[in-house]
Each structure stands twice: as C-alpha cells, then as structure tokens.
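# Structural description and commentary
Chain residues, written in single-letter form:
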Amino acid sequence: GEDAACMNDNMLSVADGVGGWAESGIDPAIYSKRLCSLIDTLYETGNDRYLYSPKELLVDAVAQN
C-alpha cells in the first residue's frame with residue numbers, strides 16, 4: 001500500500017501515503033516509506049532531543065526526505 005510505519009521501544013510512527021498524488025505521477029508509497037525509514041534512522045542516533053520533542057524528529061526527517 002501507500003502507508004508505512006516504524007516502531008521501536010519508545011515510539012510508533014505512521015505515515016499516511018496520499019493516494020491522490022498518484023494522479024500527478026508521484027508514487028506516495030515511496031515518500032511514506034522513506035519518511036518512516038528516516039524517522040527510525042534519526043531516532044536510533046540516540047539524540048535525546050528526539051525523546052523530548054518528537055516534532056523535531058519529524059521536522060528533521062522531512063528535511064532529509
């Protein structure tokens with residue numbers, strides 16, 4: 001599907017792939033899976049600020065996507 005998720009001991013992340021993007025030639029599954037992969041990778045760096053501010057984790061992952 002178009003959706004993706006990642007999970008670890010402290011966090012569950014879910015990215016909803018936007019199916020309407022397919023009409024514009026964009027594969028929404030690629031974006032949602034890449035976003036979850038980046039979230040997982042960034043979280044595993046052990047940066048404490050991600051524990052205290054999941055929003056910063058999301059912002060950093062989106063910036064790299």
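Keep in mind the model is a prediction, meaning the values are calculated, not measured. (Residues numbered from 1 in each chain as written. Predicted model: local features only at pLDDT ≥ 70, side-chain atom pairs only at ≥ 80, totals over all residues. Heavy atoms only, no water.)

### Here's the deal with a negative patch on the surface
On the surface, Glu2, Asp3, Asp16 and Asp27 cluster together into a patch of negative charge. On the secondary structure map, aspartate 27 appears in the loop between β2 (12-15) and α1 (28-43). (Patch = residues over 30% accessible without salt bridge, like charges linked within 9 Å, V, L, I, M, F, W, Y side chains within 5 Å. Areas by Shrake-Rupley, 256 points an atom, 1.4 Å probe, with all protein chains shown as cover. Salt bridge = Lys/Arg side-chain N within 4 Å of Asp/Glu carboxyl O. Lys, Arg positive; Asp, Glu negative; His and termini not counted. Charge placed at Lys NZ, Arg CZ, Asp CG, Glu CD. Helix = DSSP H or I, 4+ residues; strand = E, 2+ residues; numbered from the N terminus.)

### Regarding the packing of α1 against helix α3 (residues 54-64)
In the contact formed by α1 and α3, the axes pass within 9 Å of each other and the chain directions differ by 125°. What the angle tells us is that α1 and α3 run oblique. In this structure, α1 crosses over α3, and the sense of that crossing is right-handed. Contact residues: α1 offers Tyr31, Arg34, Leu35, Leu38, Ile39, Leu42 and Tyr43, while α3 offers Leu57, Leu58, Asp60, Ala61, Val62 and Gln64. Within the contact of α1 with α3, the residues separate by chemical class into 10 nonpolar, 1 polar and 2 charged. (Axes fitted to C-alpha atoms, helices over the stretch in contact; angles between N-to-C directions. Parallel < 35°, antiparallel > 145°, perpendicular 65-115°, else oblique. Left-handed = near helix turned anticlockwise from the far one by under 90°. Contact = heavy atoms within 4.5 Å. Nonpolar A, V, L, I, M, F, W, Y, C, P; charged D, E, K, R; others polar.)

### Some remarks on the pattern of salt bridges
What the rule picks out here adds up to 2 salt bridges. Between arginine 49 and glutamate 56 there is a salt bridge; the shortest N-O distance is 2.3 Å. Note on arginine 49: relative accessible area 33%, which makes it partly exposed. A residue is classified by how much of its surface remains accessible, and glutamate 56, at 34% relative accessible area, is partly exposed. Across the pair aspartate 60 and arginine 49 runs a salt bridge, and its minimum N-O distance is 2.5 Å. (Buried < 20%, exposed > 50% of the residue type's maximum accessible area, 1.4 Å probe, protein only.)

### What to know about a nonpolar patch on the surface
On the surface, Val18, Trp21, Ile26, Tyr31, Leu58 and Val62 cluster together into a nonpolar patch covering about 480 Å² of accessible area. Considering the arrangement of structural elements, one finds valine 62 in helix α3.

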